[in-house]
Amino acid sequence: MARITASVYTSHVPAIGAALDLGKSQEPYWQPVFAGYDYGKQWIKEQKPDVIFLVYNDHATAFSLDFIPTFAIGTGAEYQPADEGWGPRPVPKVMGHPQLAAHIAQSVIQDDFDLTIVNKMDVDHGLTVPLSLMFGQPEAWPCAVIPFAVNVVQYPVPSGRRCFQLGQAIRRAVESFDGDLNVQIWGTGGMSHQLQGPRAGLINKEWDNAFLDRLIADPADLAQMPHIDYVREAGSEGIELVMWLIARGAMSDVAGGPAPELKQRFYHVPASNTAVGHLILENKQ
């Protein structure tokens, strides 16, 4: 059967993508950020995932305020990098896995989660920056990717509890797929940041690291945290972190298996006006 072998968590700051694309990754400001992903790059070469189920949020490229799905799964064969106003990023197109994506959609919808099916869309920095951080600048991405977009832009947004439950349904769906696939699930976005208003520039290191502690050790409790706590402590864009709970909910320990092995933990500020967090959790076989 297919199996989820690991989860990866990372911020998806657009300026990180720009720094990489413009050859600035070794400049003093950016070098510590990219150094935090050196371990992950080597680790993923060894892991060789067949498919990445990548949880991210669209930034008004595939979707607009005219149409805002809460949860949207990409079932297409390929996805082009989006033009976010200054041209598409110079990165490879993203190859999907329609068979697994369709199976997950069928299973999760029958498990009482309402998903929007998207057969064609472009993907923005929310999806491509995490791929760049983990794979660098290849001619082609080395595995298939299933995009899974979550609305964390326009209220109402899903609760952490619902996201955590959805992750569990995704794990069940993957494990019921008739095919031998090494699947990873990635949760992206965050960490603390606010882009507008009187608190623009907010970063809360203490809260971010407490979030990482709880995500690793007690995700079920963390999933109960209300939206207002994210916004108050981590800024208006800190709500993106509910997407990490989808990935964490898909890990085996949530279903009674052994605790995952922490392979990497990294935290750095600043990167543009955002706190960068990164975790790798590996399921024990």
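It should be noted that the structure appears before, not after, this text.
Residues numbered from 1 in each chain as written. Predicted model: local features only at pLDDT ≥ 70, side-chain atom pairs only at ≥ 80, totals over all residues. Heavy atoms only, no water.

Novice: Any details on the packing of helix 3 (residues 38-47) against helix 5 (residues 125-135)? Residues and values, ideally.
Specialist: In the contact formed by helix 3 and helix 5, the axes pass within 7 Å of each other and the chain directions differ by 85°. By the angle between their axes, helix 3 is roughly perpendicular relative to helix 5. Counted together, Gly40, Lys41, Trp43 and Ile44 of helix 3 and Ser132, Leu133, Met134 and Phe135 of helix 5 form the full contact between these two elements. Grouping the amino acids of the contact of helix 3 with helix 5 by side-chain chemistry returns 5 nonpolar, 2 polar and 1 charged. (Axes fitted to C-alpha atoms, helices over the stretch in contact; angles between N-to-C directions. Helix = DSSP H or I, 4+ residues; strand = E, 2+ residues; numbered from the N terminus. Parallel < 35°, antiparallel > 145°, perpendicular 65-115°, else oblique. Contact = heavy atoms within 4.5 Å. Nonpolar A, V, L, I, M, F, W, Y, C, P; charged D, E, K, R; others polar.)

Novice: Help me get a handle on the nonpolar core, residues and values and all.
Specialist: Membership of the largest hydrophobic core comes to 56 residues, with the highest contact counts inside it found for Phe148, Phe211 and Ile246. Ranked by residue count, the leading element in this core is helix 6 (residues 160-175), at 7 residues. Those residues in contact with Ile246 that sit more than four places away from it in its chain are Val55, Phe71, Phe148, Val150, Cys163, Leu166, Gly167, Ile170 and Ile185. Val13, Ile16, Phe135 and Ala149 belong to the second-largest nonpolar core, a separate cluster that totals 38 residues. (Core = buried A, V, L, I, M, F, W, Y, C linked by side-chain atoms within 4.5 Å. Buried < 20%, exposed > 50% of the residue type's maximum accessible area, 1.4 Å probe, protein only.)

Novice: Help me get a handle on the pairing of strand 9 (residues 261-271), residues and values and all.
Specialist: Pairing analysis gives 8 bridges linking strand 9 to strand 10 (residues 274-282), with the strands arranged antiparallel. Its bridge partner being in strand 10, Ala271 is matched across the sheet by Thr274. (Pairing = 2+ DSSP bridges.)

Novice: Could you give me a rundown of the environment of Asn151, with the residues and numbers involved?
Specialist: With respect to the helices, strands and loops of the structure, Asn151 is situated in the loop between strand 7 (144-150) and helix 6. For the pair Asn151 and Phe63, spaced 88 residues apart in the sequence, the C-alpha separation amounts to 9.7 Å.

Novice: Any details on the side chain of His12? Residues and values, ideally.
Specialist: Within the secondary structure layout, His12 lies in the loop between strand 1 (3-10) and helix 1 (14-21). Look at His12 and you get buried, because its relative accessible area is 3%. Reaching out from His12, the side chain makes a polar contact with the side chain of Asn57 at a distance of 3.3 Å. Among the polar contacts listed, one links the side chain of His12 to the side chain of Thr188, at a separation of 3.1 Å. In this structure His12 touches Asn57, His59, His125, Gly126, Val129, Pro130, Thr188, Gly189, Gly190, Glu240 and Met243, once residues within four positions along its chain are discounted. (Polar contact = N/O pair within 3.5 Å; in protein donor to acceptor, adjacent residues only side chain to side chain.)

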